[in-house]
Amino acid sequence: MDKLSDRVKRLGYSQTFVMSNKAREMKANGIDVISLTLGEPDFDVPDNIKQAAFDAINQNYSHYSPVPGFLELREAIAYKLKRDNKLEYKPTQICVSNGAKQAILNVLAAIINDGDEVLLPAPYWVSYDEMVKMMGGTSVMLPTSYVTDFKVTAEQLEEAITEKTKAILFSSPCNPSGGYYTYDELKSLAQVIAKYPHVTIISDEIYEYINYETKTTSIAQFPEVYEQTAVINGMSKAFAMTGWRIGYSACPEWLAKACEKVQGQMTSGANTVAQRASIVALKTDPSEYRYMIDAFKKRRDLVYELIKEIPGFKVLLPKAAFYFFPDISHYIGKNLNGTEIKDSDDFAMFLLENAHVGCVGGLSFGSPECIRFSYAASEEDLREAMKRIKELLEKFN
């Protein structure tokens, strides 16, 4: 008898970790691999945040917190949402979780029944589809492309919504495309969704601060969908706190209570020391951490000039996050040095094995014609990686 559940057998492995593990294995075997796979800031946590963690340890914050998080942290999150996003939330509408990933899972667990549909504008973060599967739902992909700046239109959204649609889940700024929806674009989407009160918006805004142009807009700012929206955010990207595992959701009261119920039966409250440090991070003026965003922008500009020179790549200048998502459809269907390229996952493996540069194929992002590079790496590594790829692909053009 098969001991595994049908649920776990439906799930796939994260392609991001598959490629990063493969790159790690090659490095362990003495191969000089440059891995641009993981979406993780390469900075250390700022000193004032670390000091707050030391203080929390010394103050004996070593016991369980309330399930939705310390009141002081939820107050700090509400303060941040008002300061930066012009959003009014009470602490009772906020649930602090073990990373933004759990915040999304909490919302999905609270609203999804077997067979419910969740709209995923593609490209989407690799875990979204698997999360929907885990909760018994069905993902409905809304395709976009390089030509449309990887964004869906209001008309496309209107055509996709049915009686089975329970939610739409997207990130803005977007992992993997590095783009984001403008105020006017979000307004048009909000006007459509407002006509369907049975649809919940799950707005992943984890890359909000890593933005090189202007402040991004949260779709929750539009009054007509405020009561339909779950805002997801966390500490990982803007504060380089990936390992501290603090995320949060801000929702209508009914949904926040449901998220608390779900989390109470899964993990209870998040790490107490990390929660106390997060209070300090959120209350600090964001300009104090701007040096990280400035460094990412410098790297983005560097890579953009280099990646444009790679034959067969069609690439947009990312406006946010720290990824490039070039269209490599030029190579799909070709045989490169004995390797048949059926999709972008094949192409990503080809680059890893032949140029010794790790990236992630776009298949698991819902865009089989694209690949994702993270530029959260040193300028030296970024220059060398683009040089290796260019030299390899010039042989086939």
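Remember, it's a predicted structure, so these values are computed and weren't measured experimentally.

(A) Molecular detail of the packing of helix α12 (residues 344-354) against helix α13 (residues 379-393). The interhelical angle for the contact between α12 and α13, taken along N-to-C directions, is 105°, at an axis separation of 10 Å. Here α13 runs roughly perpendicular to α12, going by the angle between their axes. On α13, the residues touching Phe-347, Phe-350, Leu-351 and Asn-354 of α12 are Ile-389, Leu-392 and Leu-393. Looking at the contact of α12 with α13 residue by residue, the classes come out as 6 nonpolar, 1 polar and no charged.

(B) Local environment of the sheet that holds strand β2 (residues 94-97). With mixed pairing, the 7 strands of this open sheet are ordered in space as β2-β8-β7-β6-β5-β3-β4. On the outer flanks of this sheet lie β2 and β4 (138-142), each paired with one strand and no other. Within the sheet, the average angular offset between the axes of one strand and its neighbour, ignoring direction, is 20°. Inspection of the sheet shows strand β7 (residues 229-234) paired to strand β8 (residues 247-250) by 4 bridges, in the antiparallel sense. By the bridge assignment, Ile-232 is partnered in β8 with Ser-249. Packed onto the sheet, helix α9 (residues 253-264) meets β2, β6 (200-204), β7 and β8 and runs at close to 30° relative to β2.

(C) Representation of the nonpolar core within the structure. Grouped together as the largest cluster of nonpolar side chains are 77 residues, with contacts concentrated most on Phe-313, Phe-347, Leu-351, Phe-373, Ile-389 and Leu-393. At 7 residues, the largest contribution of residues to this core is made by helix α5 (residues 100-111). When residues no more than four places from it in sequence are discounted, the contact partners of Ile-389 are Ile-310, Phe-313, Leu-351, Ala-355, Val-357 and Phe-373. Membership of the second largest hydrophobic core comes to 36 residues, among which are Tyr-89, Ala-220, Ala-240 and Tyr-248.

(D) Local environment of the side chain of Thr-217. Residue placement: Thr-217 occurs in the loop between β6 and β7. Excluding its chain neighbours within four sequence positions, the residues that come into contact with Thr-217 are Tyr-183, Leu-186 and Phe-222.

(E) Inspection of the pattern of salt bridges at higher detail. A full pass over the atoms with the stated rule returns 24 salt bridges. Note that Arg-276 is salt-bridged to Glu-72, the shortest N-O span being 3.6 Å. In this pair, Arg-276 is assigned in helix α10 (residues 272-283) and Glu-72 in helix α4 (residues 71-85), connecting sequence segments 204 residues apart. Exposure remark for Glu-72: the relative accessible area of 35% places this residue in the partly exposed category. With a closest N to O distance of 2.8 Å, Glu-208 and Lys-80 form a salt bridge. Residue Glu-208 is located in the loop between β6 and β7, and its partner Lys-80 is located in helix α4; the two are separated by 128 residues in the primary sequence. A relative accessible area of 9% places Glu-208 in the buried class.

(F) A look at the sheet that holds strand β14 (residues 371-374). Pairing is antiparallel in the open sheet, where 3 strands are placed in the order β9-β14-β13. The strands lining the two open edges of the sheet, one partner per strand, are β9 (323-324) and β13 (360-361). Bridging between β9 and β14 involves 2 bridges; their strand directions are antiparallel. Pairing of Tyr-323 across the sheet is with Ser-374, part of β14.

Reading the values: rules and limits
- Residues numbered from 1 in each chain as written.
- Predicted model: local features only at pLDDT ≥ 70, side-chain atom pairs only at ≥ 80, totals over all residues.
- Heavy atoms only, no water.
- Axes fitted to C-alpha atoms, helices over the stretch in contact; angles between N-to-C directions.
- Helix = DSSP H or I, 4+ residues; strand = E, 2+ residues; numbered from the N terminus.
- Parallel < 35°, antiparallel > 145°, perpendicular 65-115°, else oblique.
- Contact = heavy atoms within 4.5 Å.
- Nonpolar A, V, L, I, M, F, W, Y, C, P; charged D, E, K, R; others polar.
- Pairing = 2+ DSSP bridges.
- Core = buried A, V, L, I, M, F, W, Y, C linked by side-chain atoms within 4.5 Å.
- Buried < 20%, exposed > 50% of the residue type's maximum accessible area, 1.4 Å probe, protein only.
- Salt bridge = Lys/Arg side-chain N within 4 Å of Asp/Glu carboxyl O.

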